[in-house]
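One-letter residues, chain by chain:
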Amino acid sequence: MTSRIRNSLLATTVLSLAALPVAAPSAWAETPDYAAMYPISADVPGVCSFEAIDARDYSGRTLNIITHAIPVIGEPTALHAAQFAELTGATVNVVHVPFGDLFQRIMIPFQTGQAAYDALFFPSLWLGDFNPYLAPVPEAYRETQGMQDLTATYRGVATWNNEMLLYTMDGDRHYMKYRADIFDNPDMQARFEQETGRALTPPATWEEYNEIAAVFSGWDWDGDGQPNFGTAEVTQRDDLMFSAFISRVAGYAKNPDVTGGFFFDLETMEPLVNTPGWVRGLEMFVAAQASMPPGGTNFGLGDEIFSFGGGQTLMSYSWDDAFIQAQQEDSPIRNSVMPTALPGSTEVWNRNTGEWETFAEPNRPGYVTWGWTSAVAGSSQNQDMAFDFLCFFANEANTESDMQVGRYGVNPYRESHFEAAFYEDELGWTPEVSQAYVETLRGIDENPNRVFDLRVPGVGEFMSSLAAGVARAQAGTATPQQALDDVADEWRAIVDRIGADTIRAAYANVVALEDAR
């Protein structure tokens, strides 16, 4: 089945999602052709294949799911919920919640003892708060082929105190993507060199990134009659902006020779968010606003996906989604984009010496953003059905299909996802793009200097505080230093309220991953 046919089927299926909750019997006279019925290339045999789930009978039972808003994660959740209901006869209710409200919508029922949801989709950095309320993944599911194929990084992400609590269905990293056709165009190269005095090359530092973005902002460099812009970034306060900011900070603040914490000093639990490396990152983040499209200073993730993926902007960075959007079969810029590591800096703050260090080569840490994940509520009375659903969601056939739709937000997390031949042979990517893609992602996982998202009790408060402070600097109501000083004060208050020892114990797990060489 071609990607075009699969995408057409996906669109058709999504149109029917308003009918949820759905309940339908599953009764086939013989093994059906699932690839003809659903947007997959072929059913892959296994515990949670279409055929295996079709053999389950959950008639008369109801599965309640909470997930992110459509499209990112919310759309594939609804799609697979409809499929699961049709195959098993279950009634499946799906609740979609905007990112800014999702944490509380999950946490409040946990805290009040309500069994509101059976299956949950959320960012895995919230595990520090949610872990007491989740059901461990049973051994039967841990032994499935898909689980055995997890990369070491994402096996670790799914684990809390040596117990697997998360059902992995996504693997997220931040990296840069850019329009290779523009960077390789002799006319564009000449114009850039005339304006800057240097050659046009993919940026290795954030200073270079901002300079390139400024040159290519506000004029029609792709010849479609519409103005183009230099950069698309996630800047909306309540829509994952904190992750974009961390990408901007890492090169300045994650010194490869300094261990013991990126967000806090693990020993003292003193916040590091207002130290010079963080401030420099915020200064560069604010400066980039001049090169963003109209409305770009309030872009959510979906806006970033469609701005870069639709050809409006020259560069972007965040998760895979915008790159995959650009690489879809009907994209006018398909195979004209390239991935590469996040830019960094040749000047890196050393908090041990209290000085800036100069590096011969830019410091470019890998940023592993944990990723979206799923879990089953410990209070659920339908854990068998909930784990079956999550296993079905993440089966090999569904994952292969989901990874091809940029707006879905499902990105590589299994060893088998790092085979360049798949992207070349099955998706029609050029060999150069395919190889660059897997090398970029693998390079992040194997980078000896990595940043992982904060994963501690109260993380929602910490990230909300950070996003609010960054937003004040973006709006010009506070300088970067003032904004981050305020954030540091708020973080100290959160630590005092929750308890430094409690947060330190959780944060030690993150630091152990970052400091591993």
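Only a predicted model underlies this, so the values are computations on that prediction, with no experimental measurement involved. (Residues numbered from 1 in each chain as written. Predicted model: local features only at pLDDT ≥ 70, side-chain atom pairs only at ≥ 80, totals over all residues. Heavy atoms only, no water.)

Asker: Tell me about the overall build of the protein chain, and name the residues and values.
Answerer: When helices and strands are counted, the protein chain shows 23 helices and 14 strands. In terms of overall dimensions, the protein chain is globule-like: its C-alpha atoms have a radius of gyration of 23 Å, near the 24 Å expected for 517 residues. Oriented by its inertia axes, the alpha-carbon framework of the protein chain measures out at about 70 × 55 × 40 Å. Across the 517 residues in the protein chain, those meeting the buried criterion constitute 60%. Residue pairs in contact within the protein chain that sit at least 24 positions apart in sequence constitute 75% of those at least 6 positions apart. Accessible surface computed for the protein chain: about 18600 Å², of which carbon and sulfur atoms make up 49%. Between the mean site of the 29 positive side-chain charges and the mean site of the 70 negative ones, the protein chain shows a separation of 3 Å. (Helix = DSSP H or I, 4+ residues; strand = E, 2+ residues; numbered from the N terminus. Rg over C-alpha atoms; globule rule 2.2 N^0.38 Å. Buried < 20%, exposed > 50% of the residue type's maximum accessible area, 1.4 Å probe, protein only. Contact = heavy atoms within 4.5 Å. Areas by Shrake-Rupley, 256 points an atom, 1.4 Å probe, with all protein chains shown as cover. Lys, Arg positive; Asp, Glu negative; His and termini not counted. Charge placed at Lys NZ, Arg CZ, Asp CG, Glu CD.)

Asker: Quick one: what's the story with the nonpolar core, residue by residue and with numbers?
Answerer: In terms of nonpolar packing, the biggest core is built from 162 residues, with F216 and W278 touching the most fellow members. Among the elements that make up this core, the one with the highest residue count is helix 13 (residues 241-253) (nine residues). Shared between two domains, this core holds at least three residues of each, these being domain 1 (38-169 + 372-410) and domain 2 (175-369 + 448-514). Among all residues touching W278, those that are not within four sequence positions of it are F245, V249, A253, F262, F263, L272, V273, L466 and L484. (Core = buried A, V, L, I, M, F, W, Y, C linked by side-chain atoms within 4.5 Å. Domains from an automatic or database assignment.)

Asker: For the packing of aromatic side chains, give the residues involved together with the corresponding values.
Answerer: Following the criterion strictly, the structure yields 45 aromatic pairs and no others. With centroids separated by 5.0 Å and ring planes inclined at 80°, the aromatic side chains of F422 and Y423 adopt a geometry described as edge-to-face. The burial state of F422 is the same as that of Y423; both residues are buried. Plain terms: the ring middles of W429 and Y437 are 5.1 Å apart, the flat faces sit at 80° to each other, and that makes the pair edge-to-face. Residue W429 shares its accessibility class with Y437, and that shared class is buried. The ring of Y175 is capped by K177, whose NZ or CZ atom sits 4.6 Å from the centre of that ring. (Phe/Tyr/Trp six-rings, centres within 6.5 Å; stacked < 30°, edge-to-face > 60°. Lys NZ or Arg CZ within 6 Å of the ring centre and 35° of its normal.)

Asker: Could you give an account of the pairing of strand 10 (residues 345-350), naming the residues involved and the relevant values?
Answerer: The pairing of strand 10 with strand 11 (residues 355-363) spans five bridges and is antiparallel. Pairing of V348 across the sheet is with E357, part of strand 11. Hairpin connection of strand 10 to strand 11: four residues between the antiparallel strands, including G354 at a positive phi of 70°. (Pairing = 2+ DSSP bridges.)

Asker: Any chance you could break down the pattern of salt bridges for me, citing the residues and the numbers?
Answerer: Summed over the entire model, instances satisfying the criterion amount to 15 salt bridges. The residue E270 makes a salt bridge to R492 at a minimum N-O spacing of 2.6 Å. Remark: R492 occurs in helix 22 (residues 480-498) and E270 occurs in the loop between helix 13 and helix 14 (276-287); sequence separation between them is 222 residues. Looking at E270, the relative accessible area reads 34%, which means it is partly exposed. (Salt bridge = Lys/Arg side-chain N within 4 Å of Asp/Glu carboxyl O.)

Asker: A description of helix 5 (residues 99-112) should follow, citing residues and the corresponding values.
Answerer: Regarding helix 5, the residues found buried are F99, L102, F103, I106, M107, P109 and F110. The arc that holds every buried residue of helix 5, seen down its axis, measures 160°, which confines them to one face. Packed against the buried residues of helix 5 are strand 1 (62-68), strand 2 (91-97), strand 3 (119-123), helix 6 (127-130), helix 13 and strand 13 (372-376). Following helix 5 by one or two positions, G113 has its phi on the positive side, about 75°. (Arc of directions from axis to C-beta.)

Asker: How would you sum up the sheet that holds strand 2? Please name residues and give values.
Answerer: Reading across the sheet, the four strands line up as 2-1-3-13 and stay open at both edges, with mixed pairing between neighbours. Sheet topology places strand 2 and strand 13 at the edges, where each strand pairs with a single neighbour. Each adjacent strand pair in this sheet contributes to an overall mean axis angle of 20°, direction not counted. In this structure, strand 1 lies alongside strand 3, joined through two bridges in parallel fashion. Looking at strand 3, one finds that I65 is bridged to A119. Across the sheet, helix 5 touches strand 1, strand 2, strand 3 and strand 13, and the angle it forms with strand 3 is around 135°. Strand contacts of helix 17 (residues 383-393): strand 1, strand 3 and strand 13, with the helix running at about 155° to strand 13, the strand carrying the most contacts. (Axes fitted to C-alpha atoms, helices over the stretch in contact; angles between N-to-C directions.)

Asker: Tell me about the domain arrangement of the protein chain, and name the residues and values.
Answerer: As assigned here, the protein chain comprises domain 1 (38-169 + 372-410) and domain 2 (175-369 + 448-514). Computed over C-alpha atoms only, the centres of domain 1 and domain 2 are separated by 29 Å. Contacts between domain 1 and domain 2 engage 24 residues on the former and 24 residues on the latter. Summed over both sides, the interface of domain 1 with domain 2 buries roughly 1800 Å², with 62% coming from carbon and sulfur. Taken as a group, F99, L125 and G406 account for 31% of the area that domain 1 buries against domain 2, more than any other trio of residues on that side. The interface formed by domain 1 and domain 2 contains zero salt bridges. Where domain 1 meets domain 2, there are five residue pairs in polar contact (both at pLDDT 80 or more). (Buried area = accessible area lost by both parts, 1.4 Å probe. Polar contact = N/O pair within 3.5 Å; in protein donor to acceptor, adjacent residues only side chain to side chain.)

Asker: Requested: an account of unusual backbone geometry, with residues and values cited.
Answerer: Along the chain, I70 connects to P71 via a cis peptide bond; the corresponding omega equals 15°. Along the chain, P71 turns up in the loop between strand 1 and helix 4 (74-88). Of note, I73 is a non-glycine position whose phi angle comes to about 65°, a positive value. Following the sequence through the fold, I73 ends up in the loop between strand 1 and helix 4.

Asker: Could you give me a rundown of the environment of Q236, with the residues and numbers involved?
Answerer: Positionally, Q236 belongs in the loop between strand 7 (229-232) and helix 13. With 123 residues separating them in the primary sequence, Q236 and F359 have C-alpha atoms 33 Å apart. Of the polar contacts made by the side chain of Q236, one reaches the backbone oxygen of N298; its length is 3.1 Å.

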